Amino acid sequence: MSTADTRISPLKMRQAQFRRAIHHMGHLKRGVVDFFLRPKRTLSVCFPVEMDDGSVRVFHGYRTLHSTILGPGKGGIRYHPKVTAREVEALATLMTWKCALIRVPFGGAKGGVACDAKALSEGELRRITRRYVAELGDNIGPHTDIPAPDLYTNQQTMAWVYDTYQALHPGENNLPVVTGKPLDLGGAEGRSEATGHGAISALARYLELHPLDGHRTLAGCSVAVQGFGEVGRVAAERCAELGARVIAISDSSGGILARDGLDLAAVRQHKAACGRVDGLAGTTTIDNETLLTLDCDVLIPAALANQIHAGNAADVRARVVVEGANAPLTPQADRILQERGIPVLPDILANSGGVVVSYYEWVQNLKNESWTRAENLARLDARMQDATAGVVGRRDTLLAEHRDRQRPPDLRTAALAIAIERLSRVTLERGIWP
Ligand code: NAD
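What counts and how
- In this convention, every chain numbers its residues from 1, walking through the sequence in written order.
- Local features in a predicted model are, by the rule used here, given only for residues with pLDDT of at least 70; side-chain atom pairs are given and counted only at 80 or more, and totals for whole chains, interfaces and linings are based on all residues.
- Excluding hydrogens and water, the side-chain values take into account all heavy atoms of the structure.
- When DSSP locates at least two bridges between a pair of strands, those strands are taken to pair.
- Runs of E in the DSSP output that reach at least two residues are strands. Runs of H or I that reach at least four are helices, and both are numbered from the N terminus.
- Pairs of cysteine sulfur atoms within 2.5 Å are what we label disulfides.
- To qualify as a nonpolar core, a set must consist of buried Ala, Val, Leu, Ile, Met, Phe, Trp, Tyr and Cys residues joined through side-chain atoms within 4.5 Å.
- Each residue gets one of three labels from its accessible area relative to the maximum for its type: buried under 20%, exposed over 50%, partly exposed in between, using a 1.4 Å probe on protein chains only.
- The source of the domain bounds is an automatic or database domain assignment.
- Here, two residues are considered to be in contact whenever any of their heavy atoms come within 4.5 Å of each other.
- Nearness is judged by heavy atoms alone; a residue qualifies as near a molecule or strand once a single heavy atom is within 4 Å of it.
- Distance and chemistry together define a polar contact, namely a pair of N or O atoms within 3.5 Å, with one atom able to donate a hydrogen and the other to accept it when in protein, and with adjacent residues in sequence counting only for side-chain atoms on both sides.
- The Shrake-Rupley method, run with a 1.4 Å probe, gives the accessible areas here. Residue values count only the displayed protein chains as cover.
- The axes are straight lines fitted to the C-alpha atoms, using for helices just the contacting stretch, and the angles between their N-to-C directions are given from 0 to 180°.
- If an angle is under 35 degrees, it is roughly parallel; if it is over 145, roughly antiparallel; if it lies from 65 to 115, roughly perpendicular; otherwise it is oblique.
- Working rule for handedness: look at the near helix, and if it is turned counterclockwise from the far one by less than a right angle, call the crossing left-handed; if clockwise, right-handed.
- Classes in brief: Ala, Val, Leu, Ile, Met, Phe, Trp, Tyr, Cys and Pro nonpolar; Asp, Glu, Lys and Arg charged; the others, Gly included, polar.
- Any Lys or Arg side-chain nitrogen located within 4 Å of an Asp or Glu carboxyl oxygen qualifies as a salt bridge.
- Helix span, expected: 1.5 Å multiplied by one less than the number of residues in the helix.

What follows covers the pairing of strand S2 (residues 56–65). Summarising the sheet, strand S1 (residues 41–50) and S2 pair through 10 bridges and their orientation is antiparallel. By the bridge assignment for S2, Val49 is matched with Arg57. The hairpin formed by S1 and S2 contains five residues between the paired strands, and Gly54 there has a positive phi angle of roughly 90 degrees. Across five bridges, the pairing between S2 and strand S4 (residues 107–113) is antiparallel. Each bridged residue has a counterpart across the sheet, and for Arg63 the counterpart in S4 is Gly111.

Turning our eyes to something else, we now look at the state of the cysteines. Per the counting criterion, the structure on display carries zero disulfides. Of all cysteine sulfurs, the one in Cys115 lies closest to Cys46, which takes part in no disulfide; the gap is 13 Å.

With that out of the way, let us pick up the nonpolar core. Leu203, Leu218, Val223, Val267, Ile300, Leu345 and Ile420 are the most contacted members of the largest nonpolar core, which totals 81 residues. When we break this core down by domain, the ones giving at least three residues each are domain 1 (4–22 + 37–173) and domain 2 (193–345). The residues touching Ile420, leaving out its near neighbours within four places in the chain, are Phe18, Ala21, Ile22, Met25, Leu28, Val33 and Phe36. With 25 residues, the next largest nonpolar core counts Ile128, Tyr132, Val133 and Tyr162 among its residues.

Looking now at the site of the ligand. In the neighbourhood of the ligand, 19 residues make up the surrounding shell, with Thr195, Phe228, Glu230, Val231 and Asn288 lying closest. At 2.9 Å, a backbone N or O of Glu230 approaches an oxygen atom of the ligand. Contact between the ligand and Ser252: an oxygen atom at 3.0 Å from a main-chain N or O atom of the residue. Here the ligand has 820 Å² of accessible area as a free molecule, and 73% of this is covered by the chains. Broken down by secondary-structure element, the contributors of at least two residues to the shell around the ligand are helix H6 (191–209), helix H7 (230–241) and strand S7 (245–251).

One can describe the packing of H6 onto helix H13 (residues 373–401) by two numbers: an axis separation of 8 Å at closest approach and a directional angle of 45 degrees. With respect to their mutual orientation, H6 and H13 come out oblique. The way H6 lies across H13 gives a crossing that is right-handed. Between H6 and H13, the residues in contact are Glu193, Ala194, His197, Gly198, Ser201, Ala202, Arg205, Tyr206 and Leu209 and Arg373, Leu377, Leu380, Asp381, Met384, Gln385, Thr388, Ala389 and Val392, respectively. Partitioning the contact of H6 with H13 into residue classes produces nine nonpolar, five polar and four charged.

With that settled, the discussion passes to the sheet that holds S1. The mixed open sheet is built from five strands, whose spatial order is S1-S2-S4-S3-S5. Only two strands of the sheet have a single partner each, and these edge strands are S1 and strand S5 (145–149). Within this sheet the neighbouring strands show an average axis-to-axis angle of 20 degrees, counted without direction. On the sheet, helix H4 (residues 122–136) packs against S1, S2, strand S3 (73–79) and S4 and is oriented at approximately 140 degrees with respect to S1.

This part takes up the pattern of salt bridges. Tallied over the full model, the rule gives 28 salt bridges. For Asp295, the salt bridge identified is with Arg319, shortest N-O distance 3.0 Å. One end of the pair, Asp295, is in the loop between helix H9 (288–292) and strand S10 (298–301); the other, Arg319, is in the loop between S10 and strand S11 (320–322), and 24 residues separate them in sequence. Put simply, Arg412 and Asp334 hold a salt bridge, and the shortest N to O gap is 3.0 Å. In this pair, Arg412 sits in helix H14 (residues 411–430) while Asp334 sits in helix H10 (residues 331–339), placing the two residues 78 residues apart along the sequence. One exposure class covers both Arg412 and Asp334, and it is buried. Through salt bridges that share partners, Arg14, Arg20, Glu323, Asp334, Asp347, Arg407, Asp410 and Arg412 make up one connected network.

Before going further, it helps to spend a moment on helix H1 (residues 10–23). Here H1 contains 14 residues, and its C-alpha end-to-end distance of 20 Å stays within 8% of the 20 Å for a straight helix at 1.5 Å per residue. For H1, the elements touching its buried residues are helix H2 (32–37), helix H3 (85–102), H10, helix H11 (347–350) and H14.

With that out of the way, let us pick up the domain arrangement of the protein. For the protein, the domain assignment lists domain 1 (4–22 + 37–173) and domain 2 (193–345). In this assembly, nine residues from domain 1 lie in contact with 12 residues from domain 2. The tally of links from domain 1 across to domain 2 stands at zero salt bridges. Between the two partners, domain 1 and domain 2, sit four residue pairs in polar contact (both at pLDDT 80 or more). Mapped by element, the contributors of at least two residues to the side of domain 1 that touches domain 2 are H1 and H3.

Have a look at this one:
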């Protein structure tokens, strides 16, 4: 059962994380950091679309460009009835930090249209997308702001984004205006696996640096994963490839448990046939709440925000938590796990693999190249591992310097400190305009 802390506004949560990080960074130039908390601009657009039944409906869309300090904006477009300007701003803020931490030359951005994608036909979604992109006009562009898929948008949506932008800007190489495109249209091999794959690269490096009860690698570790989508399924499969035992997995209908390890190919087949993971022969059905509190080495919440909260954080029995989803822990849960000595690989680091391979897609589109899946994933592995070592090293330094009675720094604080420092350094190198 969720508790009051799950109702925290995403923007407030990010701002609190930010303030916690700058508390440990006394040397920053005054005023500069305030600039990182606020979005550069948020566009709000309103447009009519003709529906299949001949009626006309008005839709509201948003696009936030949070920062251009490191380069053009980068961030997904989501289609969801609850999309608001505040939510989009919070997600764009997170993108700025992710890009700065993982060293891709982008700023943060995010966009969305308030609509129920599940209730719309393909034709209606296409018309919404084209009109939304036309309304954004030159506020997106290969060197301005580069969208990508997010909740209820996919490769098909990105193909429409590209096609619309191309129609408005003929005679140019417009492929880099959007990433997450279909492979035939300049998409990157391995993009769909990138986030789940990257999360496990980060975990593997973390275990090398901080072995868990003697486990220096994933071999022999027990893993529970919440979510069987693009992030959760790939993360589970990658853990199994590296020798771990994936003992539990779930989707929105419920979860399954097999203490000796699940046969993930069988889970996939069952999900394809029945639309849900539970009910697979040889497994025990569990609910999502039980999955989060299983006795295991690694817990990967890779579905929704606010899954581990004040009401269940004390019951988490994993030895390490990897944030596959964005904000799966509330701030209170984060504190409780820290007090209990359970490390959390934060979302800003753990799920940044998607934006890294999006960056590779953009580079390949600009250079008219096409790298193999193995090349994209090998580059991703190296980048995730470097970033993880950097975050762990920084956490250790911050801990050694920690003197006051405030909450000690953790991996999230360290990741944010690296990101904020880079943004601050580049802002001053470029010089405050004019
Ligand atoms: P997805 O839609 O492919 O999969 C989501 C999964 O979560 C599905 O299996 C769904 O059944 C499951 N789910 C939904 N409600 C659930 C519940 N109450 N309990 C358990 N499972 C539930 O989405 P995804 O791309 O895998 O993204 C998952 C999370 O990761 C989201 O928070 C997303 O914002 C974040 N994320 C994704 C990417 C990416 O590249 N895909 C990158 C960064 C962050």
